[in-house]
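# Observations on the model geometry
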Amino acid sequence: MNDRTQAPATSPAPGPMLLAAKLPPHVWFGVSAVFHYLGPAFAVLLFPHVGVLGMAWLRIATAALVFAPLTRPWRTFARADPPARLLLLAFGACLAVMNCAFYLALDRLPISLVAAIEFVGTIGVSLVGLRSARNLTALAVAVTGTVLLIDVKWSSDPLGLFWAFLNGALFVGYIVLGHRVARAGDGIAGLGAAMAVAFLVVLPIGFTDALPAFFSPPLLIAAIGVGICSSVIPYICDQLAMSRLPRSSFALMLSLLPVTATLIGVIVLRQIPDFSDCIGIALVVAGVAFHRPARTD
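Counting starts from 1 at the beginning of each chain's written sequence and moves along it residue by residue. For a predicted model such as this one, the threshold for reporting local features is a pLDDT of at least 70, and the threshold for listing and counting side-chain atom pairs is 80 or more; totals across whole chains, interfaces and linings nevertheless cover every residue. With hydrogens and water set aside, each side-chain value is computed from the structure's full complement of heavy atoms.

Attention now moves to the overall build of the chain. Under the scheme used here, helices are H or I runs from DSSP no shorter than 4 residues and strands are E runs no shorter than 2 residues, and both carry numbers assigned from the N terminus. For the chain, the helix and strand inventory stands at 13 helices and zero strands. When the helices and strands of the chain are read in sequence order from the N terminus, they spell out α-α-α-α-α-α-α-α-α-α-α-α-α. The buried label goes to any residue with under 20% of its type's maximum accessible area, the exposed label to any with over 50%, and the partly exposed label to all in between, with areas taken from a 1.4 Å probe on protein chains only. Considering the chain as a whole, with its 297 residues, one finds that 51% of them fall into the buried category. In what follows, a contact means two residues having at least one pair of non-hydrogen atoms within 4.5 Å. Once local pairs closer than 6 in sequence are excluded, the contacts in the chain between residues at least 24 apart make up 89%.

Here it is in structure tokens:
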């Protein structure tokens, strides 16, 4: 399939895009990695008030409303050719179901187990494009470090495991489809169009559960904050990183997510890592540093 399928859209302001081009893609990935865990941490606290699917609805609705005036998704679809429209529809559906499955898994399983299952799929994506012994070694080192970082306790909850594995599979889809959208041209406009599709998919699913938020301003503000932290900032940063990194390289860098989770725990929760955690962090950082992106992916 052609990774260069075009999806023309309105041109963004040159200033922000110039800044995006000047900063290394690793910087954008680092920002995304931080918000990858901040968002879910706050979302779990809102589950008792708006339900799991209600929180997923509010998250996606917030992102869709933020992107709409900035990217004008209707124009993106109008100008796209049929293959590009199909790509955006698939990406949007993937985002919708992935976010719902992720929250449904978090509601029943420890986040460490959900993260571990999610990481398994990214290993496969990494292996597809790592064409040198150096990069395979880097992947092995990073995976070893991740195993040390994630304190996984298996669960006997079959429904929770189902949602976790579905989320893991869709996360692979997010990497593959997101990378194609990023390489197609204006990835931010494509992301906005896909988020509009995601909102239409979840519209009938979580709206009833989300209703209490509309009658409680503090709850609504908190939900909007979760949406921005979970589906606006990290997804934009992912697109900026994906547009300049091979897909396999981006997948390998996802091994940094447990590192950022540990650092957030130190700063926010005063959870001091033990010696094993420190070794894990060192191995992940070493693996990512040792890796060299391929010219093509």
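Looking at where Asp238 falls in the secondary structure, it is placed in helix H10 (residues 217-242). Charge assignment in this entry is limited to Lys and Arg as positive and Asp and Glu as negative, and neither His nor the chain termini are counted. In what follows, salt bridge is the name for a side-chain nitrogen of Lys or Arg lying within 4 Å of a carboxyl oxygen of Asp or Glu. Lacking a salt bridge, the buried Asp238 has Arg59 as its closest oppositely charged neighbour, with an N-O distance of 8.6 Å. There is a polar contact of 2.6 Å between the side chain of Asp238 and the side chain of Tyr174. Ignoring any residue separated from it by four or fewer positions in sequence, one finds Asp238 in contact with Ser32, Tyr174 and Phe250. A 3.5 Å cut-off defines polar contacts: any pair of N or O atoms within that distance qualifies, except that in protein one atom must be a possible hydrogen donor and the other a possible acceptor, and neighbouring residues in sequence count only when both atoms are side-chain atoms.

Attention shifts here to the environment of Gly187. Among the structural elements, Gly187 can be located in helix H9 (residues 187-210). Placed 51 residues apart in sequence, Gly187 and Asp238 show a C-alpha to C-alpha distance of 9.6 Å. Ignoring sequence-local partners within four residues, the contact set of Gly187 consists of Val181, Ala182 and Gln239.

With that settled, consider the confidence of the model for the chain. By definition, pLDDT measures how confident the predictor is in each residue, and it falls between 0 and 100. Mean pLDDT over the chain stands at 79; residues scoring 70 or higher make up 73%. Within the chain, helix H3 (residues 52-71) carries the highest mean pLDDT (94), whereas helix H1 (residues 14-22) carries the lowest (57). Throughout residues 1-15 the model reports pLDDT below 50, and contacts reaching past four residues in sequence, or to other chains, amount to 37 contacts.

Even without a glycine there, the phi angle at Arg72 is positive, about 50°. By the secondary structure assignment, Arg72 is in the loop between H3 and helix H4 (73-79).

On to the side chain of Asn99, then. Within the fold, Asn99 resides in helix H5 (residues 82-106). What makes Asn99 buried here is its relative accessible area of 2%. Among the polar contacts listed, one links the side chain of Asn99 to the side chain of Arg59, at a separation of 3.0 Å. Sequence-distant contacts of Asn99, defined by excluding residues within four places in its chain, comprise Ala56, Arg59, Ile60, Ser231 and Tyr235.

Another aspect to go through is the packing of helix H2 (residues 25-50) against H3. Following both chains from N to C, one finds H2 and H3 inclined at 115°, their axes separated by 7 Å at the closest point. H2 and H3 meet at a crossing whose hand is right-handed. Here Ala43, Leu46, Phe47 and Val50 of H2 lie close against H3, whose contacting residues are Val52, Gly54, Met55 and Leu58. Basically, the charged four are Asp, Glu, Lys and Arg, the nonpolar ten are Ala, Val, Leu, Ile, Met, Phe, Trp, Tyr, Cys and Pro, and anything else, Gly included, counts as polar. Counted by class, the contact of H2 with H3 contains seven nonpolar, one polar and no charged residues. Only the stretch in contact is used when fitting a helix axis, every axis being a line fitted to C-alpha atoms; angles between N-to-C directions are given from 0 to 180 degrees. Here a crossing is called left-handed whenever its near helix is offset anticlockwise from the far helix by less than a right angle, and right-handed whenever the offset is clockwise.

All right, on to the nonpolar core then. As used here, the term nonpolar core means buried Ala, Val, Leu, Ile, Met, Phe, Trp, Tyr and Cys residues forming a set that is joined through side-chain atoms within 4.5 Å. In this structure, Met55, Leu58, Phe91, Leu95, Tyr103, Tyr174 and Met195 are the most contacted members of the largest nonpolar core, which totals 64 residues. When contributions to this core are tallied by element, the ones reaching two or more residues are H2, H3, H5, helix H6 (111-129), helix H8 (158-183), H9, H10 and helix H11 (247-253). Considering each element in turn, this core owes the most residues, 13 residues, to H5. Those residues in contact with Phe91 that lie beyond four places of it in its chain are Tyr174, Leu177, Gly178, Val181, Leu191, Ala194 and Gln239.

Turning to the packing of aromatic side chains, a few remarks are in order. When two rings of Phe, Tyr or Trp (its six-membered ring) have centres within 6.5 Å they constitute a pair, described as stacked for plane angles under 30 degrees, edge-to-face for angles over 60, and tilted for the intermediate range. Inspection of the entire model under this criterion finds nine aromatic pairs. With a centroid separation of 5.5 Å and an interplanar angle of 70°, the aromatic rings of Phe47 and Tyr103 are classed as edge-to-face. You can see Phe47 sitting in helix H2 and its partner Tyr103 sitting in helix H5, a full 56 residues away along the chain. You'll find Phe47 and Tyr103 in the same group, each marked buried. Among the aromatic residues, those joined into a ring-pair cluster are Trp57, Phe199, Phe207 and Phe214.

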